[in-house]
Amino acid sequence: MTASTTAERVLDIAQDMVQSRGYNGFSFRDIATALGIKSASIHYHFPSKTDLGAALVIRYSEGFADELRRIKARETGAVKRLRAFIELFRGTLKKDRHCLCGMLGAEKDSLPPPVSKRVRDFFALCEDWLVTVLRDGRKAGEIEFRGTPQAMADHLLALLEGAMVMARSLEDLGRFDKATAAFLRILQPARNA
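Residues numbered from 1 in each chain as written. Predicted model: local features only at pLDDT ≥ 70, side-chain atom pairs only at ≥ 80, totals over all residues. Heavy atoms only, no water.

Draft legend 1. Broad picture of the overall build of the protein chain. In terms of helices and strands, the protein chain carries nine helices and zero strands. Along the chain direction, N to C, the helices and strands of the protein chain fall in the order α-α-α-α-α-α-α-α-α. Seen along its three principal axes, the alpha-carbon backbone of the protein chain occupies a region of about 70 × 30 × 30 Å. Counting all 193 residues of the protein chain, 42% fall into the buried class. Across the protein chain, every contact between residues at least 6 apart in sequence was considered, and the portion connecting residues at least 24 apart equals 66%. With the model as given, the accessible surface of the protein chain reaches about 10300 Å², and the carbon-plus-sulfur share is 52%. Charge centroids of the protein chain, computed over 30 positive and 24 negative side chains, lie 2 Å from each other. (Helix = DSSP H or I, 4+ residues; strand = E, 2+ residues; numbered from the N terminus. Buried < 20%, exposed > 50% of the residue type's maximum accessible area, 1.4 Å probe, protein only. Contact = heavy atoms within 4.5 Å. Areas by Shrake-Rupley, 256 points an atom, 1.4 Å probe, with all protein chains shown as cover. Lys, Arg positive; Asp, Glu negative; His and termini not counted. Charge placed at Lys NZ, Arg CZ, Asp CG, Glu CD.)

Right, dumping it as structure tokens:
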């Protein structure tokens, strides 16, 4: 493996472990064993677990930002964009994994500050994107809701993270689907007969 390939594989394995076990549920030794390399090889790329955690969240956030740009370019209308956003979380859940930053957020008190900051940045990215979609959708008359776009964005993010935990804990993807479908129904504009 080349140095860049090794670093990417370390990040891949670390992401899988964090999404299934949490930040405190793995060590460099676990990653080294999974890759068949020595722990020192991991330390070469990521001197500390903090460095690895921060790099992991940066990579995850950048990939998520790319997905959000693709959704905006591909989907027209607020409802289609919101459905595509929800599908990003559902896709993770279908792989029997949690959202990386949702998992890390649950461990906030034990995270190193650089990792915790990157998790906050991820949620800010999601909120900002959702606020824009919700604001523009309401302005265009595509969706209706009470309160501010910020409050609705917070509501959706909390719903997604919680629905993932429930669905994964109960091994029932249908719970996630029902919760997200209910959210989308409340956005539908009332039609006068």
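Moving on from the model shown.
Draft legend 2. Fine view of the packing of helix H5 (residues 78-94) against helix H9 (residues 173-186). Their axes nearest at 11 Å, the elements H5 and H9 cross at an angle of 170°. Classed by the angle they form, the pair H5 and H9 counts as roughly antiparallel. On the side of H5, the interface is formed by Leu 82, Arg 83, Ile 86, Phe 89, Arg 90, Leu 93 and Lys 94, while H9 contributes Leu 173, Phe 176, Asp 177, Thr 180 and Leu 184. Across the contact of H5 with H9, the residue classes break down as seven nonpolar, one polar and four charged. (Axes fitted to C-alpha atoms, helices over the stretch in contact; angles between N-to-C directions. Parallel < 35°, antiparallel > 145°, perpendicular 65-115°, else oblique. Nonpolar A, V, L, I, M, F, W, Y, C, P; charged D, E, K, R; others polar.)

Draft legend 3. Representation of the environment of Thr 50 within the structure. Checked against the element boundaries, Thr 50 lands in helix H4 (residues 49-74). Once the C-alpha coordinates of Thr 50 and Ala 32 are considered, the two residues, 18 residues apart in sequence, prove to be 17 Å apart.

Draft legend 4. Quick peek at the packing of aromatic side chains. All told, the structure shown has nine aromatic pairs when counted by the stated rule. Ring centres of Phe 85 and Phe 89 lie 5.3 Å apart, and the angle between their planes is 50°; this geometry places the pair in the tilted category. Taken together, the residues Phe 85 and Phe 89, both in helix H5 and four residues apart, mark about one turn of the helix. Grouping aromatic residues by their ring pairs yields a cluster made of Tyr 60, Phe 64, Phe 85, Phe 89, Phe 122, Phe 123 and Trp 129. Taking NZ or CZ as reference, Lys 49 lies 4.6 Å from the ring centre of Tyr 23, over its face. Over the aromatic face of Phe 145 sits the side chain of Arg 138, whose NZ or CZ is 4.1 Å from the ring centroid. (Phe/Tyr/Trp six-rings, centres within 6.5 Å; stacked < 30°, edge-to-face > 60°. Lys NZ or Arg CZ within 6 Å of the ring centre and 35° of its normal.)

Draft legend 5. Layout of the packing of helix H8 (residues 149-170) against H9. At their nearest, the axes of H8 and H9 sit 7 Å apart, and the two run at 160° to each other. Accordingly, the angle class assigned to the pair H8 and H9 is roughly antiparallel. Here H8 runs over H9; the crossing is right-handed. Where H8 approaches H9, its residues Met 152, His 155, Leu 156, Leu 159, Leu 160, Ala 163, Met 164, Met 166, Ala 167 and Leu 170 are matched on the opposing element by Leu 173, Arg 175, Phe 176, Ala 179, Thr 180 and Phe 183. Its residues placed into classes, the contact of H8 with H9 shows 13 nonpolar, two polar and one charged. (Left-handed = near helix turned anticlockwise from the far one by under 90°.)

Draft legend 6. Structural context of the layout of surface pockets. Volume-wise, the largest pocket comes out at about 320 Å³. Lining the largest pocket are 13 residues; nearest its centre among them are Tyr 60, Phe 64, Leu 88, Thr 92 and Lys 95. At the level of elements, helix H1 (3-21), H4 and H5 are the ones that each hand at least two residues to the lining of the largest pocket. When the residues that make up the lining of the largest pocket are grouped by side-chain class, the tally is five nonpolar, five polar and three charged. (1 Å grid on protein atoms, 1.4 Å probe; cavity = no way out; pocket = protein on both sides within 12 Å on 5 of 7 lines; lining within 4 Å. Points joined across faces, edges and corners; volume = space filled by probe spheres on them.)

Draft legend 7. Region of the structure containing helix H2 (residues 28-35). Taken as a whole, H2 has its buried residues at Phe 28, Ile 31, Ala 32 and Leu 35. Buried positions in H2, seen along its axis, are confined to an arc of 100° and lie on one side of it. Set apart from the buried face of H2 by more than 90 degrees, the exposed residues are Arg 29 and Thr 33. (Arc of directions from axis to C-beta.)

Draft legend 8. Broad picture of the nonpolar core. The biggest cluster of nonpolar side chains holds 58 residues, and the ones touching the most others in it are Ile 31 and Phe 85. Put simply, the parts of the chain that give this core at least two residues each are H1, H2, H4, H5, helix H6 (100-106), helix H7 (113-139), H8 and H9. Among the elements that line this core, the one with the most residues is H7, at nine residues. The contact partners of Ile 31, leaving out residues within four places of it in the chain, are Val 10, Ile 13, Ala 14, Met 17, Phe 26, Ile 42 and Leu 52. (Core = buried A, V, L, I, M, F, W, Y, C linked by side-chain atoms within 4.5 Å.)

Draft legend 9. Structural context of the side chain of Glu 161. Looking at the secondary structure, you find Glu 161 in helix H8. Once you skip the residues sitting within four places of it in the chain, Glu 161 turns out to touch Phe 89, Cys 99, Gly 102 and Phe 123.

All quantities given are derived from atomic positions and should not be read as evidence of function.
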